[in-house]
Amino acid sequence: MVDQNEIEQVWRTFLTTGEVRNEQVQRPIFKLLPGFPRCLICYAPFQGLGSVVARSLYHKQPSHLNPKLCNFCEQFAIEYSGGAEVELSLLFADVRGSTTLAEAMSPTEFRRLIDRFYTTTTRIMVHSDALIDKIVGDQAAAMYVPGLAGPAHARRAIEAGREILRATGHGQPEGPWIPLGIGIHTGVAFVGAVGSDAGTVDITVLGDAANTAARLSSSAGVGEILISDAAFRAAGLDLGKLETRQLELKGKTQPVLVHVLA
């Protein structure tokens, strides 16, 4: 039986250095392989040409209990169910007006659009060394932890947000093929494996930092990246003179200062 102190130390080591106990994660290799969806931790592709390599050479396949994790990473998450508090940067990409979009097309067409959104955003998140927190409904979220994205995790998140807007056609004369708003925040949050009564585990982020990033994405207009002042200062990027706003976010007792990148 692994005690809670050891569990916290294992997760803190992974989140701050990228090292995983009992598992040699070949993330640099897997992120170059084509395919979607992927394991949340090691990026092993489950479908597409890359999945053939991951399966035949590394024996990676989707977990029977949790399709978002591979068979090896699931065992790590089960054995070390828990996590640690670390400073990280969070990126939430939100489809704006998804209800109106769905109303204007057939369910199959809407599914194809959302699938293209997921594929495009997660490809950029993977290649920018993020942990994919969730892909649900009309939203995709990523965690940039120091052990994987490096000490400049805020900068990596902002650069990924800009790339997501470019890849979805924002700034093009014909307009985006899917309208997005993005929120980015840097802060301390709990990251780890959270279990359920059904025996499954999920890798997620919890706390005020995650709530703030989610609220920012839902407040962003089409083609906007709302960067919290904490993320803006941590990134140290020269983004020129940006518009600033004081936002009253749902559930927050104090207004949040954001820098608007469009």
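Going by the structure above, here's the rest.
First, a word on what this report is: a plain description of the structure on this page.

Analysis parameters
- Positions within a chain are numbered from 1, following the residues in the order the chain's sequence is written.
- At least 70 in pLDDT is required for a residue's local features to be given in this predicted model, at least 80 for side-chain atom pairs to be given and counted, and no such filter applies to totals for whole chains, interfaces and linings, which use all residues.
- Where side-chain values are given, they derive from all heavy atoms of the structure, hydrogens and water being excluded.
- Only DSSP runs of H or I covering at least 4 residues are called helices, and only runs of E covering at least 2 are called strands; the numbering of each starts at the N terminus.
- Relative accessibility thresholds used throughout: buried, under 20% of the residue-type maximum; exposed, over 50%; partly exposed, between the two (1.4 Å probe, protein chains only).
- By definition in these notes, contact holds between two residues if any of their heavy atoms fall within 4.5 Å.
- For Phe, Tyr and Trp, rings pair up if their centres lie within 6.5 Å, where Trp contributes its six-membered ring, and each pair is then called stacked (planes under 30 degrees apart), edge-to-face (over 60) or tilted (otherwise).
- Here, a charge over a ring means that NZ of Lys or CZ of Arg falls within 6 Å of the ring centre while also lying within 35 degrees of the ring normal.

1. Description of the side chain of S98
Phase 1: Here S98 is to be found in helix 5 (residues 98–103).
Phase 2: On the basis of relative accessible area, S98 is assigned to the buried category, the value being 14%.
Phase 3: Ignoring sequence-local partners within four residues, the contact set of S98 consists of F110 and D138.

2. Structural notes on the packing of aromatic side chains
Phase 1: All told, the structure shown has 6 aromatic pairs when counted by the stated rule.
Phase 2: Their ring planes at 70° and their centres at 6.3 Å tell us that F14 and F76 sit as a pair that is edge-to-face. Linking F14 in helix 1 (residues 4–17) with F76 in helix 4 (residues 71–79), this pair joins segments that are 62 residues apart in sequence.
Phase 3: The class of F14 is buried, set by a relative accessible area of 1%.
Phase 4: Look at F76 and you get buried, because its relative accessible area is 4%.
Phase 5: On the numbers, 5.5 Å between centres and 45° between planes, the contact of F117 with Y118 is tilted.
Phase 6: On the basis of relative accessible area, F117 is assigned to the buried category, the value being 0%.
Phase 7: Given a relative accessible area of 13%, Y118 falls into the buried group.
Phase 8: Here the basic side chain of R116 rests over the ring of W177, its NZ or CZ set 3.7 Å away from the ring centre.

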